[in-house]
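Fold and contact review
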Amino acid sequence: SYNEHWVERGKNKQKSFVCIGPDCPICKHLGDAKLSSQSLFNVVVLAEGVPPRVQIVRAKKRLGEVLAKANKSRNGPLSNGYWVLSQAGKAKDASYQVEFVKPRDLMEDWGVKELTDEEFEGLEKKAYDRTVLRVPKRSELMDIVEEFLD
């Protein structure tokens, strides 16, 4: 999990910057910059006729809460088995649903086969780590702040 600032960068344009914590210049000087909590999850996408692939799901608060609830459910944790993630609506109106899928139902209900241990291990090696998150240097964030203070 991490926090992200959304800063106005021109007329009707926003850009996000990862918050660097207690010494963050944006927090210190631009207190009104929108701050949102984010979480990144590795998921394996299984779709009919397409090879399985690893993808990052970026979860804001609402989706994070849905995933946390599923993780604690009787079928959890999320790393155990197969799950379907669906979204209805867009942006602020989006709602999410996560449902557990039994391996025996994958082919009949979803048209995909269960992963073999070898396939899973190969995909696990392609999982993303924290390096996918670009954390700016303090000096970069100070440059952003200076644009607003000038």
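Figured I'd write up the structure that's included with this text. Note that the structure is a prediction, hence the values are computed from the model and not measured.

On to the sheet that holds strand S2 (residues 14-18). Pairing in this open sheet of four strands is antiparallel, and the strands run S2-S1-S3-S4 from one edge to the other. Either end of the sheet is taken by a strand with one partner, and the two such strands are S2 and strand S4 (50-59). Strand after strand, the sheet turns through a mean of 35° between neighbouring axes, direction not considered. Across the face of the sheet, helix H2 (residues 61-71) comes into contact with strand S3 (34-47) and S4 while running at roughly 115° to S4.

On to the environment of Glu 65, then. Turning to its location among the elements, Glu 65 is positioned in helix H2. Note on Glu 65: relative accessible area 48%, which makes it partly exposed. Sequence spacing of Glu 65 and Tyr 96 is 31 residues, and the spatial spacing of their C-alpha atoms is 9.7 Å.

This paragraph deals with the nonpolar core. One finds Val 7, Phe 17, Cys 19, Cys 24, Ile 26, Leu 30, Leu 141, Ile 144 and Val 145 forming the largest nonpolar core, which totals nine residues. A per-element tally of this core places helix H5 (residues 138-149) first, with three residues. With sequence-adjacent residues up to four places away left out, Cys 19 is seen in contact with Asn 3, Glu 4, His 5, Cys 24, Cys 27 and Leu 35. By size, the runner-up hydrophobic cluster in this structure holds eight residues, among which are Tyr 82, Leu 106, Leu 115 and Leu 123.

Taken as a whole and assessed by the stated rule, the structure comprises one aromatic pair. Plain terms: the ring middles of Trp 83 and Phe 100 are 5.2 Å apart, the flat faces sit at 75° to each other, and that makes the pair edge-to-face. Placement of Trp 83 in strand S5 (residues 82-88) and of Phe 100 in strand S6 (residues 95-101) is noted, with a sequence separation of 17 residues between them.

The subject of this paragraph is the pairing of S3. As a general feature of sheets, a regular strand has side chains that alternate between the two faces. Strand direction decides the pairing type here: strand S1 (residues 2-8) and S3, joined by five bridges, are antiparallel. When the sheet's bridge partners are listed, Glu 4 is paired in S3 with Ser 36. Here S3 runs beside S4; their pairing, made up of eight bridges, is antiparallel. Across the sheet, Ala 47 pairs through a bridge with Val 50, a residue of S4. Following S3, the chain reverses through two residues before pairing antiparallel with S4; Gly 49 in that reversal takes a positive phi of roughly 80°.

Criteria and cut-off values
- Residues numbered from 1 in each chain as written.
- Predicted model: local features only at pLDDT ≥ 70, side-chain atom pairs only at ≥ 80, totals over all residues.
- Heavy atoms only, no water.
- Pairing = 2+ DSSP bridges.
- Helix = DSSP H or I, 4+ residues; strand = E, 2+ residues; numbered from the N terminus.
- Axes fitted to C-alpha atoms, helices over the stretch in contact; angles between N-to-C directions.
- Contact = heavy atoms within 4.5 Å.
- Buried < 20%, exposed > 50% of the residue type's maximum accessible area, 1.4 Å probe, protein only.
- Core = buried A, V, L, I, M, F, W, Y, C linked by side-chain atoms within 4.5 Å.
- Phe/Tyr/Trp six-rings, centres within 6.5 Å; stacked < 30°, edge-to-face > 60°.

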